[in-house]
Structures are given as C-alpha cells and as structure tokens.
Amino acid sequence: ETLCDDSLDDDGDGDIDCADSECAGAANCLTPEVEPNDDAASANAMPTLPAGMSADLSAGEHDWFSFNVPADGSSVHIYTEESPGACPDHDTEIELFDATGASSIAGNSDSGVGLCSDLNVTLDAGTYTVDVYGWSGSVSGPYSLIVEIL
C-alpha cells in the first residue's frame, strides 16, 4: 500500500488502506491508547488485526494491550516504533502473555529498528495480552505498538 488514506488497493493485494498490514503504523490507522491500561485486567483491546495503537509511556509505566488471533498456527508480528520505520530514542521492551497476563509466552527488547522491540511468534487462536514498558524503567514518550498476522 503506498497511500493509507485513499480508499484504494494501491498494491493490488485485496486490502485497502488500514486493512493492509503495510498501513498498520500509519498515523491515520492508529487507535489511541486509553488510560488506565497499567495491567492485564485493564488492557486496551486492539481492533481486528492488523492493528496499531498510539500510546505514551511515562517513566516506570507499563502499557497493556490485548488482541485476538483468529486461527491456530498464525504467524504474528508484534513491534514498537516511534514513527513509521524509525525508533531513535525510546528503548522499549515487550512481553507477550496469555489472555489473563499470568503466563509469559515470549519477550523482546532491541530486535526492532533502532532501540525498538520486535517479536515474531506462532500463536494459536485466542486472546493474548502484551505489556509494553521502557528499558530500565526510565523511558518516556510517544510510541506505536503494531500487531499483524503475516
């Protein structure tokens, strides 16, 4: 997708604008975070995947989000960024949990662009939660969380 707000399928893959995974991080496709979302019980539910959330971390804060995987054996890509394709300042951490936030499944620190997090996992159908926080508890500022099925 070359334009994420033109109501056209620019790349011919059958997905238009925000429904195309290439637009998941575009500003017009992000859903704003709603506070409080400081634990699994208050996690912000993400829209149908692919989806992006715009959020803001305060030092020491944890932001929780939940998402649904529609089919067993789905390859899921979870990552953070400050702006599309860039992450110069915010050293984020992400940890993936089950729906209750009790059982950790996987985590990542700096595998993404710059200092951002990037996690690729295979998941079965169901609801999952992800915790986003700053490395060493000192990171603050805006970021986006993107979740897509590959």
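Look up a bit, the structure's there.
Anyway, here's the lowdown on the structure attached to this text. Predicted, not measured: the structure shown is a model, and the values here were computed from it.

1. With respect to the sheet that holds strand β7 (residues 104–108)
Next, step 1: Reading across from one edge, β2-β4-β9-β6-β7 is the order of the 5 strands in this open sheet, with mixed pairing throughout. Edge positions in the sheet fall to β2 (44–45) and β7, since each has one partner strand and no second.
Next, step 2: As judged from the 8 bridges shared by strand β4 (residues 62–69) and strand β9 (residues 126–134), these two strands associate in the antiparallel manner. Across the sheet, residue Phe 65 finds its bridge partner in β9, namely Val 130.

2. What about the packing of aromatic side chains?
Next, step 1: Taken as a whole and judged by the stated rule, the model has 2 aromatic pairs.
Next, step 2: Between Trp 64 and Phe 97, the ring centres sit 5.1 Å apart and the planes meet at 35°, which makes this aromatic pair tilted. In this pair, Trp 64 is assigned in strand β4 and Phe 97 in strand β6 (residues 92–98), connecting sequence segments 33 residues apart.

3. Description of the sheet that holds strand β10 (residues 141–149)
Next, step 1: Spatially, β1-β3-β10-β5-β8 is the arrangement adopted by the 5 strands of the open sheet, whose pairing is mixed. At either margin of the open sheet sits one strand with a lone partner, and together these are β1 (30–32) and β8 (118–123). Across the sheet, the axes of successive neighbouring strands diverge by a mean angle of 25°, strand direction being ignored.
Next, step 2: Bridge count for β1 against strand β3 (residues 51–57) is 3 bridges, and the pairing is parallel. Residue pairing for β3: Leu 30 is matched across the bridge by Gly 52.

4. Observations regarding the state of the cysteines
Next, step 1: Considering all chains together, one arrives at 3 disulfides under this definition.
Next, step 2: In this model, Cys 18 is linked to Cys 29 through a disulfide, with the two sulfur atoms separated by 2.0 Å. One disulfide, between Cys 18 and Cys 29, carries an S-S torsion of -80° and so falls in the left-handed class. Placement of Cys 18 in the segment before β1 and of Cys 29 in the segment before β1 is noted, with a sequence separation of 11 residues between them.
Next, step 3: Given a relative accessible area of 13%, Cys 29 falls into the buried group.
Next, step 4: The disulfide partner of Cys 87 is Cys 116, and the gap between their sulfur atoms is 1.7 Å. With the S-S dihedral at roughly 70°, the linkage between Cys 87 and Cys 116 falls on the right-handed side. Taken together, the residues Cys 87 in the loop between β5 (74–81) and β6 and Cys 116 in the loop between β7 and β8 connect sequence positions 29 residues apart.

5. Digging into the nonpolar core
Next, step 1: Formed by 23 residues in total, the largest nonpolar core has its most connected members in Phe 65, Phe 67, Ile 78 and Leu 145.
Next, step 2: Of all the secondary-structure elements, those providing two or more residues to this core are β3, β4, β5, β6, β8, β9 and β10.
Next, step 3: The greatest single-element share of this core, amounting to 4 residues, is contributed by β3.
Next, step 4: Setting aside residues up to four positions removed in sequence, Leu 145 forms contacts with Met 46, Ala 51, Gly 52, Met 53, Phe 65, Ile 78, Tyr 79, Thr 80, Val 130 and Val 132.

Rules behind the numbers
Residues numbered from 1 in each chain as written. Predicted model: local features only at pLDDT ≥ 70, side-chain atom pairs only at ≥ 80, totals over all residues. Heavy atoms only, no water. Pairing = 2+ DSSP bridges. Helix = DSSP H or I, 4+ residues; strand = E, 2+ residues; numbered from the N terminus. Phe/Tyr/Trp six-rings, centres within 6.5 Å; stacked < 30°, edge-to-face > 60°. Axes fitted to C-alpha atoms, helices over the stretch in contact; angles between N-to-C directions. Disulfide = S-S within 2.5 Å. Buried < 20%, exposed > 50% of the residue type's maximum accessible area, 1.4 Å probe, protein only. Core = buried A, V, L, I, M, F, W, Y, C linked by side-chain atoms within 4.5 Å. Contact = heavy atoms within 4.5 Å.

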